Each structure stands twice: as structure tokens, then as C-alpha cells.
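Chains, contacts and geometry: an overview
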Amino acid sequence: MWIQTSFKHNESSTSGILYIVPTPIGNLEDITFRAVRILKEVDFIAAEDTRNTKKLCRHFEILTPLFSYHDHNKNISGQKIIRLLEEGKHIAIVSDAGTPCVSDPGYEIVVQAVKKQIPVIALPGASASITALSASGLDTRHFYFYGFLDRSKKKKRIQLENLKAFSETMIFYESPHRLKETLFVMLEVFGNRQVVVLRELTKVYEQIFRGRLEDIQNYFSMEPVRGEFCILAEGTTSKHSIESQTSFWKQFSVVQHVNYYVENEGMSSKEAVKQTAADREMSRRDVYQAYHIDR
């Protein structure tokens, strides 16, 4: 077992420290004093987009050398980061906006650092999901952060089907060119429940739209869509609704049940048999036999 002491690097270690540093999601005043200090003190800053981070560094007079670390070069750049940390260099990871590792690059390098017993120190700071949740007016006692849904409409529908019975507030990120489709599919799957859509959080043109999914979807279907979005959907609040959503298959035979997953959810027959067995609390063998014999 390896125990990392918070805030204080083990003096007997020769490795550097990996810092996870949140940056503003819009308003530059939202960066912390500690984040600015760390960015000035480390040996290197690994940035999702060095062009964006250079603007931040110029504003706060940060002269630390930058290099890129993003989804397309994370293997090569990740090796470089680990090598520098093992040489005793201190490195800060930043994303374009918000907290690294949360729907942004950084997760893989943290995993590697932990495996090599390199200290990882995370700083608190800006996060679009928590900012959106706190202003939403939806239940904040329990929530489920999902992030970005799949770009494929078919896979997106499957993901939402798997979420529709959740009772917790759900948080999604979405880009402007996919917002209309996502709201449309969400309405089809979730029904006309309460949602909050937040655009350009903390920026000059920040907007918050609250209402039923049908109204929100209709509004954006007729409006040009610009900016980055958070979508928050209320959880299923009705026990009857949850039961009806999770027991839709009771009207089906075993064959119809399996075929539903194959035809509507895009599952393979093997996956559909497995899910049907779980739904009906049957053995997979019994479902498999019934499916192949009766079909």
C-alpha cells in the first residue's frame, strides 16, 4: 500500500508532482490565487490547446513553458510527462476550460502517475457541471454527471434509454451543432419532463432556459444555436413511471423481448439474450433456448 501525504511532497522521493489545475470556464476572474501561483511555480504546463492557454498565461503574467497534451497526442505526450516527472520536474495539467480529467484530457496520465507512485495534487476550481447544477433549480441532493452523449443518434438513444429511469438530476454537456438533435431524442426517450439548458456559463452572453422538454426543444428548433451548453434533466419522480419504464417488456413473449433489444437498441442477439435474462430474472440458457426454439 502506498499513502500519499496531502499537500506535502515526500522529501525522500526524487519524482516531481503532477498538479491538476482548473482554469476559468469563461470569466477569467474565476481562477484561484493558488492556481495562478502553481502555474507560475511548476516547470512545465501541459495544455489541451496551447493557443488558449497562452492567452490565459499572458493575462496573469505566467511565463512557464507550455507543451500540448490532448486526446490526439496523449500517448506520446503522456510518455513525455511521465519521463519529466520521474526526472523530478513539476508539471501542471490544464484543459481549455474547467477541471481537467472531467470530460477533458487528463484521466490517463493520472492513472499512469498513480501506478508509478508519482504524487498527484488536484486543485479545486471551476467546473461547468457543478456551476450549472447550483443554478438549475433542480434537485441538488443527488445527481448523476454523464458528460457528452455519443455523436451517433442511434447510440445516443440507447444511452438515454439506459438513463430514463434514474431518479437523480442528470447533467450533460453538448456542443452547439448537436444540441437540437439531442433535445429531440431526449424528448422522445425521457418524455416531457423538466429540464434546464445553460449556455455560455460565466460569460457575457450567459443564458439559462428553464421549462418542459417539449417547450425547450421547440424553442431551439427555431433559433440559431451558438455557444457551449449544459443540459440538466430532472430525474424520474414517479414510482409508477419508473416501474412502467423498467417493466415495458411484460407484454412481450421471450422472443419478442429479445427482438426488441436487437431491433430497437442495436444489441447483438447475445447481448439481447443477456439483457432479457436479467429483466426476467431467468437463466441465460433458458432465454437462449426459448429464443432459438420458438423463433
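Everything here concerns the structure above.
In every chain, residue numbers begin from 1 and rise along the written sequence. Thresholds applied to this predicted model are a pLDDT of at least 70 for local features of residues and 80 or more for the giving and counting of side-chain atom pairs; totals over whole chains, interfaces and linings are not thresholded and use all residues. Side-chain metrics rest on all non-hydrogen atoms present in the structure, leaving aside hydrogens and water.

Below, the discussion takes up the side chain of Ser-77. Following the sequence through the fold, Ser-77 ends up in helix H3 (residues 74-86). Polar side-chain contacts of Ser-77 include one of 2.7 Å to the backbone oxygen of Ser-68. Excluding residues that lie within four positions of it along the chain, Ser-77 makes contacts with Phe-67, Ser-68 and Tyr-69. The way it works is that DSSP assigns letters per residue, a run of H or I at least four long becomes a helix, a run of E at least two long becomes a strand, and they are numbered from the N terminus. As used in this structure description, the phrase polar contact means that two N or O atoms lie within 3.5 Å; if the pair is within protein, one of them must be able to donate a hydrogen and the other to accept it, and residues adjacent in sequence are counted only when both atoms belong to side chains. Contacts were defined at the residue level, with two residues in contact if any of their heavy atoms lie within 4.5 Å.

Now for the sheet that holds strand E9 (residues 207-212). Pairing between sheet strands relies on hydrogen bonds along the backbone, with the strands arranged either parallel or antiparallel. In short, DSSP must find at least two bridges between two strands for them to pair. Strand order in the open sheet formed by five strands is E6-E7-E10-E8-E9, and the pairing between neighbours is mixed. A strand with exactly one partner marks an edge of an open sheet, and here the two such strands are strand E6 (143-148) and E9. Within the sheet, the average angular offset between the axes of one strand and its neighbour, ignoring direction, is 15 degrees. As judged from the five bridges shared by E6 and strand E7 (residues 169-174), these two strands associate in the parallel manner. All axes here are fitted lines through C-alpha atoms, helices being fitted over the stretch that makes contact, and every angle between N-to-C directions spans 0 to 180 degrees.

Bringing the pattern of salt bridges into the picture now. Salt-bridge detection follows one rule: a side-chain nitrogen of Lys or Arg within 4 Å of a carboxyl oxygen of Asp or Glu. For the structure shown, the criterion picks out twelve salt bridges. In this structure, Lys-74 and Glu-108 form a salt bridge, with 3.0 Å as the shortest nitrogen-oxygen distance. In this pair, Lys-74 sits in helix H3 while Glu-108 sits in helix H4 (residues 107-115), placing the two residues 34 residues apart along the sequence. Note on exposure labels: buried denotes an accessible area under 20% of the residue type's maximum, exposed denotes more than 50%, and partly exposed covers the range between, all computed with a 1.4 Å probe on protein chains only. Lys-74 gets classed as partly exposed once you look at its relative accessible area, which sits at 24%. The class for Glu-108 is partly exposed, based on a relative accessible area of 30%.

Geometry of a packed helix pair, given as the angle between the helix axes and the separation of the axes. At a minimum axis separation of 9 Å, helix H7 (residues 179-190) and helix H8 (residues 213-221) run at an interaxial angle of 155 degrees. On the basis of the axis angle, H7 is roughly antiparallel to H8. The handedness of the crossing between H7 and H8 comes out as left-handed. Contacts between H7 and H8 involve Leu-179, Lys-180, Leu-183, Phe-184, Met-186, Leu-187 and Phe-190 from the former and Leu-213, Glu-214, Ile-216, Gln-217, Phe-220 and Ser-221 from the latter. Any angle between 65 and 115 degrees counts as roughly perpendicular, while under 35 counts as roughly parallel, over 145 as roughly antiparallel, and the rest as oblique. By definition, turning the near helix anticlockwise from the far helix through less than a right angle yields a left-handed crossing, and turning it clockwise yields a right-handed one.

Turning our attention to H4. For H4, the full list of buried residues reads Ile-109, Val-110 and Ala-113. The buried residues of H4 occupy one face: seen down the axis, they fall within an arc of 100 degrees. Residues of H4 that are exposed and point more than 90 degrees away from the buried face comprise Tyr-107 and Lys-115. Contacts made by the buried residues of H4 are with strand E1 (18-20), H3, strand E4 (91-94) and strand E5 (120-122). By arc we mean the arc of the directions from the helix axis to the C-beta atoms, nothing more.

With that settled, the discussion passes to the environment of Gly-16. Looking at where Gly-16 falls in the secondary structure, it is placed in the segment before E1. Judged by its relative accessible area of 0%, Gly-16 falls in the buried class.

Let us look at the state of the cysteines. For the purposes of this analysis, a disulfide is any pair of cysteine sulfur atoms at a distance within 2.5 Å. Tallied over the full model, the rule gives zero disulfides. Free cysteine Cys-57: the closest other cysteine sulfur is in Cys-101, separated by 18 Å.

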